[in-house]
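Survey of secondary and tertiary structure
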Number of protein chains: 2
Amino acid sequence: MVSTSLATVNFYAPIQDLMLQVEQRLRSQADSHHPDLGAALDHLLSSGGKRIRPAVTLLAGTMLGADTDSLVTLASAIELLHTATLVHDDLIDGAVLRRGITTLNARWSPAATVLTGDFIFARAARLAAETNSVTLMRMFAETLATIVNGEITQLFASRGNASRENYDQRIYAKTASLFELAATSVAMLSPVGEPVVEKMRCFGYDLGMAFQIVDDILDFTGEQATVGKPLASDLRQGLVTLPAIYYLEMRPSDPDMDAVLSGDPGAPVDMERLVSAIRASGAVERALQEASDYIDQGLACLAEMPDNPSRRSLEDLARYSVERRL
Amino acid sequence: MVSTSLATVNFYAPIQDLMLQVEQRLRSQADSHHPDLGAALDHLLSSGGKRIRPAVTLLAGTMLGADTDSLVTLASAIELLHTATLVHDDLIDGAVLRRGITTLNARWSPAATVLTGDFIFARAARLAAETNSVTLMRMFAETLATIVNGEITQLFASRGNASRENYDQRIYAKTASLFELAATSVAMLSPVGEPVVEKMRCFGYDLGMAFQIVDDILDFTGEQATVGKPLASDLRQGLVTLPAIYYLEMRPSDPDMDAVLSGDPGAPVDMERLVSAIRASGAVERALQEASDYIDQGLACLAEMPDNPSRRSLEDLARYSVERRL
């Protein structure tokens, strides 16, 4: 169920049973509907995702004393919202692999892929409604709008954009908004007051920002076989992420980088040299330091939370998010 | 705002102000998001839709004494859910025109079209949450799942399927489920008891079934310029609707119909002759009688509702739905 590369990391320990319940809940979502939907959902769910978002939700909820039934429902809703956006994302990017496994759009028609994503949105919404919190439902809807608006902005306006502000907005929309939703909503379902909810919101935001920065670093440093896509895949598409932004600050006139930023797909770029130059420049280390700073801020938000095994695992998960190689 | 072809039908009279508020609410949904999203939404909303679903919602709600703010929110949510499914539907069908106006996918990339549909889903969900009813939120999510499951079933399993059961399931998923949602949810927001909610559910179901049967009839009888797509467009794609089902009962061995049902796109079909034969057979009249029977059932459900101008307009709308030519 959980990918083996994480078997050495023990932060799932306090929530193993709940993680199994989430997995069952996720896999039961196509019940009584078209069998191909069930097959598609199985394929998506078996693609070795780390289930980081459900883990954050369950650890935060058990740390704060939330009811476990609501927790499983919420964690499943969060993971399905994430899954649905990935399905449409892969279709839009024309991606054929995710984590080394074929994407739905590579196996199925675009039409079936669009509809499967829609179906998973519907199931995420149903699960969110099952938490019986209207406020939480609104937050789900707002987060979906944020994620989609971020993707549309990226589609139209982000190629060749090396502004730091644009980057921060992009990674918030793409990743941090959903971590923020997970941490905030689980606090709202717990017997805690507004100040704790706010601290958890900050924790989710910080963790999400760090998580995406590390994803962007791994795009430069990861092994292709592990990451499951070509090195510097973002930069190849003209998308400038944090390591490239820092590199630009240090080397403002690299002709290969200029060619990438020009947005001209015909411009000749020696991508291997550019990636090597970025890796050798110290830009990756600066980006990693920034992710690490976000995690420190996030851990500080947890400082006044109940001291129990779930909190310690949540801290482990946060630290792992900057140490991971996958 | 409301298409001129309906100017002669007066069922909007009791809800004119509310319809304007719905229109404003719909058009404000892209606020503060990417400008191209606003442009896309404007294009979609200006394509001359009849806004039948908001009209049903508003008339039913004013008939039953619902709070008008909630009504405008609910009617907008229903129309946005409908709009989002149309956006993805047109993309899947590769449709270039809807009501004679270019579809979003014909103007934009498939990627932007997928995302615009997703954004509109998110807005529909937010508006549904603003009604502050968790039950209603769940019903929205279930209805979206029903609609999408119907589309997936149609994609994989409905070509050449002439079974009556399959047809009933398809038109429920495609159209009646959303009319049912509109009528049921508006009753739930009104100061009425469970028996009235159940009567309204039946009314919505009957109206929706009739509405889709008439759409399917117009596909055989409508003027191409009015309907905005080629005659018998469903049958050309192998989709068997009620007039064709009745024709098959009467003429079980028409070689052109056999060719359509074979699902072989290379089979030679004289579609003009087949459509003429169906129109001459009496099958269209039988289908229209069935739509009319649904409306009679629906009107019977309204029999014990408060007798006021909204109820009379709702009855007019129901009768119009079988008399319309568009």
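Look above for the structure.
The text that follows walks through the structure, step by step, so that each part is easy to find. (Residues numbered from 1 in each chain as written. Chains lettered and ligands numbered in written order. Predicted model: local features only at pLDDT ≥ 70, side-chain atom pairs only at ≥ 80, totals over all residues. Heavy atoms only, no water.)

**A closer look at the overall build of chain A**
Our working definition: By the criteria applied, helices consist of DSSP H or I runs no shorter than four residues and strands consist of E runs no shorter than two, each listed in order from the N terminus. Both definitions apply: the radius of gyration is a C-alpha atom measure, and the globule rule equals 2.2 Å times residues to the power 0.38. When accessible area is computed with a 1.4 Å probe and restricted to protein chains, residues below 20% of their type maximum are described as buried, those above 50% as exposed, and intermediate ones as partly exposed. Working rule for contacts: check all heavy atoms of both residues, and any pair within 4.5 Å makes them a contact. Calculation of accessible area relied on Shrake-Rupley with a 1.4 Å probe; when residues are assessed, cover is drawn exclusively from the protein chains displayed. Residues scored as charged are limited to Lys and Arg (positive) and Asp and Glu (negative), so that His and the chain ends carry no count. Where a charge lies is defined by one atom per residue type, namely NZ (Lys), CZ (Arg), CG (Asp) and CD (Glu).
Scanning chain A for helices and strands turns up 16 helices and two strands. Taking 326 residues into account, the globule formula puts the C-alpha radius of gyration at 20 Å, and chain A, at 20 Å, falls close to it. Structurally, chain A occupies a C-alpha span of about 55 × 50 × 35 Å along its principal axes. By residue count, 58% of the 326 residues in chain A fall in the buried class. Considering only residue pairs separated by 6 or more positions, chain A has 74% of its internal contacts joining residues 24 or more positions apart. Of the roughly 12500 Å² of accessible surface on chain A, a fraction of 50% belongs to carbon and sulfur atoms. Chain A carries 28 positive and 42 negative side-chain charges, and their two centres are separated by 2 Å.

**Some words on the relation of the copies chain B and chain A**
Stated precisely, the cut-off is as follows: Fitting of the copies onto one another was done by least squares over C-alpha atoms, counting residues only where both copies have pLDDT of at least 70.
The transformation that overlays chain B on chain A combines an axial shift of 0.0 Å with a rotation of 180°, and the residual RMSD is 0.0 Å. Expressed as an axis order, the relation between the two copies is that of a two-fold axis. Within chain B, V134 of chain B has its C-alpha nearest the rotation axis, a separation of 3.0 Å. Same-surface contact between copies: 100% of interface residues of chain B are shared with the interface of chain A.

**Here's the deal with the interface of chain B and chain A**
For the record, the criterion: By buried area we mean how much accessible surface two parts lose on assembly, using a 1.4 Å probe and totalling the loss over both. A carboxyl oxygen of Asp or Glu within 4 Å of a side-chain nitrogen of Lys or Arg is what we treat as a salt bridge. Side-chain atoms alone can form a polar contact between residues adjacent in sequence; in general such a contact is a pair of N or O atoms within 3.5 Å, and within protein one must be able to donate a hydrogen while the other accepts it. Classes in brief: Ala, Val, Leu, Ile, Met, Phe, Trp, Tyr, Cys and Pro nonpolar; Asp, Glu, Lys and Arg charged; the others, Gly included, polar.
Taken together, the contact between chain B and chain A spans 39 residues of the former and 39 residues of the latter. Each partner contributes to the roughly 3500 Å² buried at the junction of chain B and chain A, and carbon and sulfur atoms together form 75% of this total. Taken together, the connections running from chain B to chain A amount to four salt bridges. The residue R126 of chain A makes a salt bridge to E142 of chain B at a minimum N-O spacing of 2.8 Å. Counting every contact that joins chain B to chain A gives seven residue pairs in polar contact (both at pLDDT 80 or more). Residue assignment for the side of chain B that touches chain A shows that the elements contributing at least two residues are α2 (35-45), α4 (68-93), α6 (110-130) and α7 (134-157) of chain B. A per-element tally of the side of chain B that touches chain A places α7 of chain B first, with 15 residues. Along the lines of polarity and charge, the residues of the side of chain B that touches chain A split into 23 nonpolar, eight polar and eight charged.

**Looking at empty space enclosed by the protein**
Remark: the empty space left among the atoms is shown by a probe the size of a water molecule rolled over them. Quick reminder of the rule: In this analysis, the protein atoms alone were mapped onto a 1 Å grid. Cavities are point sets where a 1.4 Å probe fits without being able to get out; pockets are open sets with protein on both sides within 12 Å along at least five of seven lines; lining residues have an atom within 4 Å of a point. Grid points are joined across faces, edges and corners, and a volume is the space filled by probe spheres set on the points.
Following the criterion strictly, the structure yields four cavities of 30 Å³ or more and no others. Size it by volume and the largest cavity reaches roughly 230 Å³. What lines the largest cavity is a set of 19 residues, among which F121, A125 and L144 of chain A together with F121 and A125 of chain B lie closest to the centre. The set of elements that each furnish at least two residues to the lining of the largest cavity consists of α6 (110-130) and α7 (134-157) of chain A together with α6 and α7 of chain B. Split into classes, the residues belonging to the lining of the largest cavity amount to 19 nonpolar, no polar and no charged.

**Things to note about the packing of aromatic side chains**
As a reminder of what qualifies: Think of it this way: a Phe, Tyr or Trp ring, Trp meaning its six-membered ring, pairs with another when their centres are within 6.5 Å, and the plane angle makes it stacked under 30 degrees, edge-to-face over 60, tilted otherwise. We count a charge as sitting over a ring when the NZ of a lysine or the CZ of an arginine lies within 6 Å of the ring centre and within 35 degrees of the ring normal.
Following the criterion strictly, the structure yields 10 aromatic pairs over all chains and no others. An angle of 45° between the planes, with centres 4.8 Å apart, marks the rings of F11 of chain B and Y12 of chain B as tilted. The same class applies to F11 of chain B and to Y12 of chain B, which are both buried. Both rings, one in Y205 of chain B and one in Y294 of chain B, keep their centres 6.4 Å apart while their planes meet at 70°; by these two values the pair is edge-to-face. Note that Y205 of chain B is positioned in helix α9 (residues 194-221) and Y294 of chain B in helix α15 (residues 283-301), a separation of 89 residues in sequence. Looking at Y294 of chain B, the relative accessible area reads 12%, which means it is buried. A connected cluster of aromatic rings, assembled from ring pairs, spans F11, Y12 and Y320 of chain A. Residue placement shows R324 of chain A over the ring face of F211 of chain A; its charged tip is 3.9 Å from the ring centre.

**Concerning the packing of helix α9 (residues 194-221) of chain A against helix α12 (residues 242-250) of chain A**
To characterise two packed helices, one gives the angle between the axes of the helices and the distance between these axes. Residues and elements named next belong to chain A. Applied cut-off: Under this scheme, a helix contributes an axis fitted over its contacting stretch, all axes are lines through C-alpha atoms, and angles between N-to-C directions fall in the 0 to 180 degree range. Roughly parallel means an angle under 35 degrees; roughly antiparallel means over 145; roughly perpendicular covers 65 to 115; every other angle is labelled oblique.
Put simply, α9 and α12 touch, their axes get as near as 8 Å, and they point 75° apart. Classified by the angle their axes make, α9 and α12 are roughly perpendicular. Where α9 approaches α12, its residues I213, D216, I217 and F220 are matched on the opposing element by L242, P243 and A244. For the contact of α9 with α12, the residue count by class is six nonpolar, no polar and one charged.

**With respect to unusual backbone geometry**
Of note in this structure, N132 of chain A is not a glycine but carries a positive phi near 65°. By the secondary structure assignment, N132 of chain A is in the loop between α6 and α7. The exposure class of N132 of chain A is exposed, given its relative accessible area of 51%. Its identity as a non-glycine residue notwithstanding, R51 of chain B has a phi of 55°, on the positive side. Here R51 of chain B shows up in the loop between α2 and α3 (52-64). By relative accessible area, R51 of chain B is classed as buried at 5%.

**Points about the environment of H82 of chain A**
Residue and element names in this part refer to chain A. With respect to the helices, strands and loops of the structure, H82 is situated in helix α4 (residues 68-93). In the structure, H82 is positioned 10 residues away from I92 in sequence and 15 Å away in space, judged by C-alpha atoms. With residues near it in sequence (within four places) discarded, H82 still touches R53 and L178.

**A word on the state of the cysteines**
Note: disulfide means a covalent bond formed between the sulfur atoms of two cysteine side chains. Residues and elements named next belong to chain A. Going by this rule: Only a pair of cysteine sulfur atoms within 2.5 Å counts as a disulfide in this structure description.
Under the counting rule described, the total for this entry stands at zero disulfides over all chains. Looking at C202, it has no disulfide partner, and the nearest cysteine sulfur is the one in C301, 4.7 Å off. Assessed through its relative accessible area of 24%, C202 is described here as partly exposed.

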